[in-house]
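# Topology and contacts: notes
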Amino acid sequence: MSEPRCLASETLLESGYRAVVLENEILSVTVLPEKGADIYSLVYKPRSMDILWKSPWGLKPLDRAIASGGSSEETWLEHYEGGWQEIFPNGGNACVYKGCRLNFHGEASLLSWNCSLERHPDWVAAESTVSTFRSPFSLKRKMLVEAGRPVVRISEKIVNHAEEEMHFMWGHHPALGKPFLGDSCWIQLPTARFQAHSTEYAPTCRIPAGTVAPWPMVPGKEGAVDLSQVPPESQRVYEYGYITDLDQGWYAITSRQHDFSFGMVWPLRVFPFLWLWQELRGSFGHPWYGRAYVMAMEPFTSIPGTGLADAIAAGNAPVLPPGGSIEAELAAWFIEGQSRIETLDRNEVRLVK
């Protein structure tokens with residue numbers, strides 16, 4: 001009897017966390033149900049490479065996961081192991097909404113989710129669910145891996161159980177790191193614009209606060225900056241801003257050194273923005289102290305990345321009516337080679353001929 005081409009398994013990590021693993025011949029994805037259903041690793045098997053970044057302090061042992069930070073941001077960062085988080089119902093700074101203080105990056109990324117596995121001859125799936133406490137929402141996420149396909153498909157649904165309308169922010173926070181991330185990486189993106197955040201977080205920002213320009217050539221402090229090229233560690237760069245006016249919902253980050261790309265696909269009607277976070281050993285003091293080389297391109301419902309109250313004021317925080325729901329389908333691709341990509345969707349990759 002031949003070995004199954006897809007596997008779904010559970011294991012206990014040394015940290016004490018339960019881990020759920022979905023895999024096929026090409027990739028494996030590891031989820032931590034007890035920690036926000038974080039995607040802890042995403043491995044491209046032909047290179048034996050986990051593309052997701054890990055924080056300097058890593059995944060804290062479960063029996064020591066006691067928050068000691070003085071603010072919700074410090075607490076979130078203290079327990080941030082890297083990887084890929086589901087950010088909901090708040091993004092960025094803590095704020096007060098309808099009489100409740102919403103923590104930094106939202107409670108969904110901190111809660112323990114329920115998770116069950118499905119196994120079929122040609123595919124495996126993990127379905128994760130959670131209900132938030134501070135806001136009246138439930139979330140459901142199904143991750144699917146099919147035999148012979150270099151893609152993880154993600155289907156999600158959020159429901160408002162309140163008897164009143166509720167605003168929210170929702171996003172995905174996939175942090176990429178070494179050995180995949182490096183100065184051989186370039187970003188492929190449809191037509192778009194870049195908007196630098198309204199304040200400068202570090203003196204190593206190359207682009208003045210508030211700058212708006214077509215992607216990727218953006219006016220910088222010392223001449224044009226090509227945002228499609230990832231800077232080397234030695235340059236010590238910090239950039240934070242938003243990619244707007246996209247005409248399609250996809251991007252790819254291509255490594256010339258490792259000869260493959262990581263790509264994401266999402267529905268623009270739900271996530272019209274990308275947050276761009278480049279922490280390339282470019283900021284000092286808490287929490288990075290100059291030692292983090294990490295980048296994330298994050299599909300999001302809203303900007304700016306300073307909390308739900310600011311997104312409401314900006315007029316782009318979505319709202320669900322009583323009993324209302326919203327659904328989204330995303331995909332994470334591995335693409336062999338360095339070809340220029342014409343487009344990505346959940347079902348196929350089209351390369352420029």
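Here we summarise the structure given alongside this text. Here the structure is a predicted model, which means the values were calculated and not measured.

Across all of its chains, the model carries two cavities of 30 Å³ or more by this definition. The space that makes up the largest cavity amounts to roughly 60 Å³. What lines the largest cavity is simply Ala196, His197, Thr199, Glu200, Tyr201, Cys205, Ile207, Ala209, Tyr238, Glu239 and Tyr240. Ranked by the residues each element gives to the lining of the largest cavity, the list is headed by strand 20 (residues 237-244), at three residues. When grouped by side-chain class, the residues that make up the lining of the largest cavity number seven nonpolar, two polar and two charged. Of the voids in this model, the second largest cavity is the one considered here, and its volume is about 30 Å³. Residue lining of the second largest cavity: Lys35, Trp76, His79, Tyr80, Gln85, Ser109 and Leu110, and that is the complete set. Of the residues assigned to the lining of the second largest cavity, the class counts are three nonpolar, three polar and one charged.

Turning next to the sheet that holds strand 22 (residues 260-265). Across the sheet, eight strands lie side by side as 9-10-11-12-26-22-21-15; this open sheet has antiparallel pairing. Whereas interior strands pair on both sides, the edge strands pair on one side only; in this sheet they are strand 9 (114-120) and strand 15 (185-188). Ignoring strand direction, the axes of neighbouring strands in this sheet form an average angle of 15 degrees. Relative to strand 26 (residues 325-336), strand 22 runs antiparallel, the two sharing six bridges. When the bridges of strand 26 are listed, phenylalanine 262 appears paired with phenylalanine 334.

As a further point, take the nonpolar core. With 105 residues, the main nonpolar core has Ile243, Phe262 and Met297 as its most contacted residues. Setting aside chain neighbours within four positions, we find methionine 297 in contact with Pro174, Ile187, Leu189, Ile243, Tyr251, Ile253, Met264, Leu274, Trp275 and Leu276.

Bringing the side chain of threonine 244 into the picture now. One can find threonine 244 in strand 20. Given a relative accessible area of 8%, threonine 244 falls into the buried group. Polar side-chain contacts of threonine 244 include one of 3.1 Å to the side chain of aspartate 245. Setting aside residues up to four positions removed in sequence, threonine 244 forms contacts with Ala192, Arg193, Gln195, Phe273 and Ile303.

Calculation notes
Residues numbered from 1 in each chain as written. Predicted model: local features only at pLDDT ≥ 70, side-chain atom pairs only at ≥ 80, totals over all residues. Heavy atoms only, no water. 1 Å grid on protein atoms, 1.4 Å probe; cavity = no way out; pocket = protein on both sides within 12 Å on 5 of 7 lines; lining within 4 Å. Points joined across faces, edges and corners; volume = space filled by probe spheres on them. Helix = DSSP H or I, 4+ residues; strand = E, 2+ residues; numbered from the N terminus. Nonpolar A, V, L, I, M, F, W, Y, C, P; charged D, E, K, R; others polar. Pairing = 2+ DSSP bridges. Axes fitted to C-alpha atoms, helices over the stretch in contact; angles between N-to-C directions. Core = buried A, V, L, I, M, F, W, Y, C linked by side-chain atoms within 4.5 Å. Buried < 20%, exposed > 50% of the residue type's maximum accessible area, 1.4 Å probe, protein only. Contact = heavy atoms within 4.5 Å. Polar contact = N/O pair within 3.5 Å; in protein donor to acceptor, adjacent residues only side chain to side chain.

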